[in-house]
Amino acid sequence: MIRLNQPPQLPALSARVDAIDLARGIAIALMILSHTVSGLLGIRQVPDWGMVPIHLITKFSSSLFIMVFGIALAVAFLPRTGAADWPQRRLKLMLRGLEVLFWYKALTIVEMLPMFTTQDIVDALLYQRFAIWVEILGFYALALLWIPWALPLWCRMPLWSRLLAPVVIGVLSVMLERHFHFWDSVILKALLVEDADHYTWGQLARLPLVMLGLLIGEAILRCYGEPSTRRRLVAALAGVGAVFLLGFVALSLPELDEALLAVAWNAGKHPPEVPFMLFSVGGALIILALCLLGGRSAARWLKPLTVIGTDALRAFIFHIVAIFLVLRLLFDAWQVYSYPQVLGIGLMLILLAAGWIAFMRWFREHSR
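Residues numbered from 1 in each chain as written. Predicted model: local features only at pLDDT ≥ 70, side-chain atom pairs only at ≥ 80, totals over all residues. Heavy atoms only, no water.

**Some points on the side chain of Ser62**
Consideration 1: By the secondary structure assignment, Ser62 is in helix H3 (residues 60-77).
Consideration 2: You can call Ser62 buried: its relative accessible area is 4%.
Consideration 3: Dropping the residues within four chain positions of it, Ser62 is found in contact with Trp201, Lys269 and Ser280. (Helix = DSSP H or I, 4+ residues; strand = E, 2+ residues; numbered from the N terminus. Buried < 20%, exposed > 50% of the residue type's maximum accessible area, 1.4 Å probe, protein only. Contact = heavy atoms within 4.5 Å.)

In structure tokens, the structure reads:
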């Protein structure tokens, strides 16, 4: 009999799940498209037909990216939290966090060089202010330094408490953001629960998405190997995603068009608000369900996106350097191109990022 306070040992998958790489790749691709538009043209220059539906769809990317982060942690590390080599695996995750932290700071410089003074850049490096486009890396860097310590506790929690945890943390984050002064430190508040004056991804504010990813990852570990259970998992994810989107519609009626436009303009993204999160998470869950449904075949047909998903950090570095260092700083390409041209550049950067990753992988293999 399974005891609720002692979850059974999670099975380990024998091979990498291509569908997870594809979902991560789609999240990165949507992010590249959004960053190209905002980084080379500016949101205020986007025509209405570009805001809805094109820029609106990119709002799925952040939630999908963070959920896949939790899924990857669950699939790769949760089954091994009780193993003798867990301290080494935990250290590996934390070293990865330090690597991401280094690139976060390096890309902060790259992003801010075309637009800000040296003092502004130094302030950002010292956590006195924040950049915009690279802040998601700051979230992952800090998360990878502390979440590995919490994974064994997560495994020991009863199922009901794991299911309830995202809701509790979400409510707690909102209450702290609205009612706690954080000892008058706006920077600490921004790092933990986000602040309206700073574009950050709060550790507590986004932790429910990581937890949701952990839960989905556990389900993948138990269900992915069997076609019938995989189909039930896909149906459940798609169903929950549809409920979230319907919830967004219900909250938005009778002014749905205005609500969609507001989401496209990032209203309610930082700090997270219910309508934005219903839309973003709902779409992310449906994309994830489609990736799991397509499995290896979909990953093969959408190979460039899958390749990006296998090395998200390298893809992120590539597109930030291309947009801000090459195009904006060296070629002075700020608001030079029309919106359709910028979309074309974004699509090209997605393909070039995949090509760069594939080339670097080929180079490493043939240089040994």
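**A closer look at a nonpolar patch on the surface**
Consideration 1: On the surface, Trp160, Leu164, Val167, Val168, Val171 and Met175 cluster together to form a nonpolar patch covering roughly 590 Å² of accessible area.
Consideration 2: Within the fold, Val171 resides in helix H7 (residues 159-179).
Consideration 3: Judged by its relative accessible area of 48%, Val171 is partly exposed. (Patch = residues over 30% accessible without salt bridge, like charges linked within 9 Å, V, L, I, M, F, W, Y side chains within 5 Å. Areas by Shrake-Rupley, 256 points an atom, 1.4 Å probe, with all protein chains shown as cover. Salt bridge = Lys/Arg side-chain N within 4 Å of Asp/Glu carboxyl O.)

**Some thoughts on the UniProt feature "domain: Acyltransferase" (unreviewed entry) in the chain**
Consideration 1: UniProt records the feature "domain: Acyltransferase" (unreviewed entry) for residues 18-356 in the present numbering.
Consideration 2: What you have in residues 18-356 is 78% helix and 0% strand, and the ends, taken at the C-alpha atoms, are 19 Å apart. (UniProt positions renumbered as here; feature names shortened; annotations may be inferred.)

**A look at helix H10 (residues 227-252)**
Consideration 1: Here H10 is 26 residues long and its end C-alpha atoms lie 37 Å apart, about the 38 Å a rise of 1.5 Å per residue gives.
Consideration 2: Of the residues making up H10, those classed as buried are Thr229, Leu233, Val234, Leu237, Gly241, Phe248 and Ser252.
Consideration 3: Packed against the buried residues of H10 are helix H9 (203-223), helix H11 (256-264) and helix H12 (274-301). (Expected span 1.5 Å × (residues − 1).)

**Description of the packing of aromatic side chains**
Each aromatic ring pair is specified by the distance between its two centres and by the angle formed by the two planes.
Consideration 1: What the rule picks out here adds up to 18 aromatic pairs.
Consideration 2: By the ring-pair criterion, three or more aromatic residues cluster together here, those being Phe318, Trp356, Phe359, Trp362 and Phe363.
Consideration 3: The ring of Tyr127 is capped by Lys105, whose NZ or CZ atom sits 3.6 Å from the centre of that ring.
Consideration 4: Taking the ring centre of Tyr224 as reference, the NZ or CZ of Arg230 above it sits at 4.2 Å. (Phe/Tyr/Trp six-rings, centres within 6.5 Å; stacked < 30°, edge-to-face > 60°. Lys NZ or Arg CZ within 6 Å of the ring centre and 35° of its normal.)

**Focus on the nonpolar core**
Consideration 1: Formed by 119 residues in total, the largest nonpolar core has its most connected members in Leu64, Ile220 and Leu292.
Consideration 2: Here the element with the most residues in this core is helix H1 (residues 18-40); it accounts for 14 residues. (Core = buried A, V, L, I, M, F, W, Y, C linked by side-chain atoms within 4.5 Å.)

**A closer look at the packing of H3 against H12**
Consideration 1: In the contact formed by H3 and H12, the axes pass within 8 Å of each other and the chain directions differ by 60 degrees. One element, H3, and the other, H12, form an angle in the oblique class. The two elements H3 and H12 meet at a crossing, and its hand is right-handed. Contacts from Phe60, Ser62, Ser63, Leu64, Met67 and Ile71 in H3 reach Met277, Phe279, Ser280, Val281, Gly283, Ala284, Leu285, Ile287 and Leu288 in H12.
Consideration 2: Split by residue class, the contact of H3 with H12 holds 11 nonpolar, 4 polar and no charged. (Axes fitted to C-alpha atoms, helices over the stretch in contact; angles between N-to-C directions. Parallel < 35°, antiparallel > 145°, perpendicular 65-115°, else oblique. Left-handed = near helix turned anticlockwise from the far one by under 90°. Nonpolar A, V, L, I, M, F, W, Y, C, P; charged D, E, K, R; others polar.)

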